[in-house]
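# Per-entry structural report
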Amino acid sequence: MNSPLRDPAILNDWHPVGIAAGLAAGQQLPTQLLDLSLVVWRDSNGAVHAWEDRCPHRGMKLSMGQLEDDRLHCPYHGWSFGIDGHCRHIPALPALQDAQLKARVTRFAVQECHGLIWVCLGTPANAVPAFPELADARLRKVWCGPYEVLSSAPRIIENFLDMAHFAYVHEGILGDRAMTAIRDYEVNAFDDAEYGRGIRATGCYAWQPRPNSLATEGGDVEYTYRVVRPLTAILTKEPQSQDSFREAIGLHLQPLTETTTRAWIILAMTNFEQSDEALRQFQDTIFLQDKPIVENQQPLRLPLVAGAEVSASCDRMSLAYRRYLKDEKLRYGVITAE
Ligand code: FES
Ligand code: CO
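Residues numbered from 1 in each chain as written. Chains lettered and ligands numbered in written order. Predicted model: local features only at pLDDT ≥ 70, side-chain atom pairs only at ≥ 80, totals over all residues. Heavy atoms only, no water.

The name an unreviewed UniProt entry gives the protein chain is Aromatic ring-hydroxylating dioxygenase subunit alpha, with Zoogloea oleivorans as the organism.

## Some remarks on the packing of aromatic side chains
Aromatic rings considered in pairs are described by the distance between their centres and by the relative angle of their planes. Definition in use: A pair of Phe, Tyr and Trp rings is counted when the ring centres sit within 6.5 Å of each other, with Trp represented by its six-membered ring. The angle between the planes then sorts it: under 30 degrees is stacked, over 60 is edge-to-face, the rest tilted. Each helix is a run of H or I in the DSSP string that is no shorter than four residues. Each strand is a run of E no shorter than two, and both are numbered from the N terminus. Residue burial is assigned from relative accessible area. The probe radius is 1.4 Å, only protein chains are included, and a residue is buried under 20% of its type maximum, exposed over 50%, and partly exposed in between.
Scanning the entire structure with this criterion turns up 4 aromatic pairs. Ring geometry for W41 and W51: centres 5.2 Å apart, planes at 85°, overall edge-to-face. One end of the pair, W41, is in strand 3 (residues 36-42); the other, W51, is in strand 4 (residues 48-52), and 10 residues separate them in sequence. With a relative accessible area of 0%, W51 lands in the buried category. On the numbers, 5.8 Å between centres and 75° between planes, the contact of Y223 with Y225 is edge-to-face. On the accessibility criterion, Y225 (1% relative accessible area) is buried. Grouping aromatic residues by their ring pairs yields a cluster made of F160, Y223 and Y225.

## Observations concerning the confidence of the model for the protein chain
Operational definition: Each residue carries a pLDDT score, the predictor's confidence in it, ranging from 0 to 100.
When pLDDT is averaged along the protein chain, the result is 94, and 98% of the positions lie at 70 or above. What the predictor reports for the complex is a pTM of 0.95 with an ipTM of 0.97.

## Considering helix 5 (residues 316-327)
What counts, and what does not: A helix is expected to reach a length of 1.5 Å times the quantity of its residues less one. Contacts between residues were defined by any pair of non-hydrogen atoms, one from each residue, lying within 4.5 Å.
Between its first and last C-alpha atoms helix 5 spans 16 Å; for 12 residues at 1.5 Å apiece the expected length is 16 Å, and the two agree. Turning to helix 5, its buried residues are M317, S318, A320, Y321, R322, Y324 and L325. The secondary structure elements touched by the buried residues of helix 5 are helix 2 (153-160), strand 12 (186-192), strand 13 (196-208), strand 14 (219-229), strand 18 (302-303) and strand 19 (334-335). One or two residues past the end of helix 5 sits K329, with phi positive at roughly 60°.

## A word on the sheet that holds strand 12
Put simply, the rule is: Strand pairing follows a simple DSSP-based rule, namely that at least 2 bridges must link the two strands. As a rule, the C-alpha atoms of each element are fitted with a line to give its axis, helices using only the stretch in contact, and angles between N-to-C directions run from 0 to 180 degrees.
Spatial ordering of the open sheet is given by 11-17-16-15-14-13-12, a layout of 7 strands whose pairing is antiparallel. Pairing within the sheet leaves two strands with one partner each, and these edge strands are strand 11 (140-149) and strand 12. Within the sheet, the average angular offset between the axes of one strand and its neighbour, ignoring direction, is 20°. Examined bridge by bridge, strand 15 (residues 232-237) and strand 16 (residues 247-257) share 6 bridges and lie antiparallel to one another. Residue pairing in the sheet places K237 in a bridge with E247 of strand 16. Helix 4 (residues 276-295) rests against strand 11, strand 16 and strand 17 (260-269) of the sheet, and its axis sits at about 30° to strand 11.

Here it is in structure tokens:
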């Protein structure tokens, strides 16, 4: 097992753990990241905190206790912890003063961005990955998921970058078995002010029976896929006419363990006709078709070892992603030669 503590590529990155609007002041959210249980909570001033979900006294989950007056109370012996993580009170020893209370909870870096709450367990090496379409006021934003997947995060990203499965896994929606050919597309590294640094596939054309959630007949779509972090990919749908906008789908993965993942999807769309619920249902349908595929690929961790799997020329974005992960020195959720 590759310990996340030995993998700076993932330890020092930001990972999504929840919907920001879903956590009200005075509420706590138990979650998990890189094999570690966390409790994320919002104080009465609106600030979010991310703590290890483990009482320093006897290891009880703090998230099972009460949050009162910006103090988290452990349900086992009632020790309470303030915003700075320091123990403020031990009910069995009520005379102890602040200076005598040495226990403290482990705290982690946390921030809100793109409507999600992000946690970094190490020392943040970057900002939260850019998602420029979210700043476009003309686009409508919908948050989908989260989806629980019994597979590694890199397998899920790679599936998101893959067009050749549309006719099989998403037949009748994103593809058709009479139209399976994948046209050549270009893959290159990029570094720009909009998206930052990463790899992208451009000129990805596919014929789709329902090129958008409102379509009643088939048509071509042109996609650009960007990988901007080991566990973040953004798909943009290039506008087909002068008066339409570039739409985007962001896939942001929360690695729970090496082989279990929570997927958060953000849509930035021009579709103003359908309800949020209808757009989420469409996304649920697509994602739940992909889920049994990625859960049954063997091995669950993405093999970065040359020759472990056979690729074809239409897999060049997937191969570029594997090279990118090697360059980023990712070890968690992948199989490397060593
Ligand atoms: Fe938390 Fe004892 S385990 S107070
Ligand atoms: Co799919």
